[in-house]
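Observations on chain architecture
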Amino acid sequence: MGKMIITGGNSGIGYQAAKQLVQKGWQVTLFCRNEERAKTACQKISAETGSQQVDYILADLSDMASVRAAATVYLENHGSLDVLINNAADFDLSVKKPVLTRDGLEKQFATNVLAPYLLSELLMLALENADDGRILNISSKGLAVFPKISLDFNNLNSEKTYSPTKTYYQNKLALLMLSLYQREKYPNVSIQAIRVPNVKLDISRYPNLSPLMKTVYKLKSLLSISAEEMAEVYTALASEPGFDGFLYDEHCREIRANSSAYDKAGQERLCCILDKLIQL
Ligand SMILES: NC(=O)c1ccc[n+]([C@@H]2O[C@H](COP(=O)([O-])OP(=O)(O)OC[C@H]3O[C@@H](n4cnc5c(N)ncnc54)[C@H](OP(=O)(O)O)[C@@H]3O)[C@@H](O)[C@H]2O)c1
């Protein structure tokens, strides 16, 4: 078994995947922004698996300096890496206006697009040196509701308009596009994506949601699968052979992404912009 990083591994699907992979004998490092939540998650995983092969590094993924520092600490502490799972995401419906990071970036875009891109670029050499290096980027089934969606290059950083939902789906489309671009650029690393459907959320994590939205989430949870069940797909794609495709659903079946994700000129344009931004 090898070494793995999972971002946002302190809650939800990321936590369950980290636990399953530790159970299977992997050394798992959680990249988390909150020390207390990270410590608690590591202690729970150790207690539930009987293994000490889990640790954490603090990383605020909305802050590119923090992402760089965390990657450096990881490489100093662990030396090698087999799998990176870019799982964390920022999606809070109670946020009504764009929040700017200290780099001057809109926070959802920074967390959901730029951070996974920067992290994978910083760790790519380690992944290329692994026997079977893999990256998993986490997408959303909600994108299927917008089959004709395309990336709005004029609003990547919410320059024109902002809504947390629209921004989230634009971010998830961008993540698919950068993954497809990196697949061609780095053929020695397996770069794939997972499409997550409705998965039960811990509503207590969103105290600022309106009562109406809390009710909507409760109703949605009746149609949702559990985080444990979804994590099994992460675990399979991270650790088992036989998955050569790009995008997989909750049944580990290969599916097609939105057609605009395959536009090579768009992928290149996006990654050119991201390359400039990570030089901030
Ligand atoms: N749940 C669903 O129905 C659903 C549907 C489609 C796609 N997905 C995708 O599935 C993935 C996992 O979602 P989930 O349902 O497991 O959500 P979750 O329980 O809310 O987990 C999100 C994780 O991301 C972390 N995170 C957010 N912003 C961060 C930042 N700036 N720096 C570091 N960590 C940060 C959170 O940390 P904190 O604990 O510190 O907040 C948390 O650990 C996400 O990519 C999500 O978009 C989920």
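For the structure itself, look to the data block above.
Every chain is numbered independently, its residues counted from 1 as its sequence is written. Given that the model is predicted, a residue must reach a pLDDT of at least 70 before its local features are reported, and side-chain atom pairs must reach 80 or more before they are shown or counted; all residues, however, enter totals for whole chains, interfaces and linings. Each side-chain value is worked out from all heavy atoms of the structure, with water and hydrogens disregarded.

A few points about helix H7 (residues 227-239)
Convention followed: The way it works is that DSSP assigns letters per residue, a run of H or I at least four long becomes a helix, a run of E at least two long becomes a strand, and they are numbered from the N terminus. Every helix has an expected span of 1.5 Å times one less than the residues it contains. Working definition: with a 1.4 Å probe on protein chains only, accessible area under 20% of the residue-type maximum means buried, over 50% means exposed, and in between means partly exposed. Contacts were defined at the residue level, with two residues in contact if any of their heavy atoms lie within 4.5 Å.
End to end, H7 covers 18 Å across 13 residues, agreeing with the expected 18 Å (1.5 Å per residue, within 8%). Counting buried positions along H7 yields ten of 13 residues, so the element is predominantly enclosed. Here H7 has its buried residues at Ala-227, Met-230, Ala-231, Val-233, Tyr-234, Thr-235, Ala-236, Leu-237, Ala-238 and Ser-239. Packing partners of the buried residues in H7 comprise strand S1 (3-7), helix H1 (12-23), strand S4 (83-86), strand S5 (134-140), strand S6 (190-196) and strand S7 (247-248).

As for the site of the ligand
Quick reminder of the rule: We call a residue near a molecule or strand whenever a single non-hydrogen atom of that residue lies within 4 Å of it. Two N or O atoms count as a polar contact when they lie within 3.5 Å, although within protein this holds only if one can serve as hydrogen donor and the other as acceptor, and sequence-adjacent residues are included solely when both atoms are side-chain atoms. Three residue categories are used. Nonpolar comprises Ala, Val, Leu, Ile, Met, Phe, Trp, Tyr, Cys and Pro, charged comprises Asp, Glu, Lys and Arg, and polar comprises the others, including Gly.
Around the ligand there are 28 residues in total, and Asn-10, Arg-33, Arg-37, Asn-87 and Tyr-168 lie nearest to it. One of the backbone N or O atoms of Asn-87 is found 2.7 Å from an oxygen atom in the ligand. Tyr-168 is positioned such that a nitrogen or oxygen atom in its side chain is 2.5 Å from an oxygen atom of the ligand. Those elements that provide at least two residues to the shell around the ligand are H1, S5 and helix H5 (164-185). Top contributing element to the shell around the ligand by residue count: S5, with three residues. When grouped by side-chain class, the residues that make up the shell around the ligand number 13 nonpolar, ten polar and five charged.

Let's talk about the side chain of Asn-157
Note that Asn-157 resides in the loop between S5 and H5. Judged by relative accessible area, Asn-157 falls into the buried class, the value being 18%. At 2.7 Å, the side chain of Asn-157 and the backbone nitrogen of Glu-106 are in polar contact. Look past the residues within four positions of Asn-157 in its chain and what remains in contact with it is Gly-104, Leu-105, Glu-106 and Phe-109.

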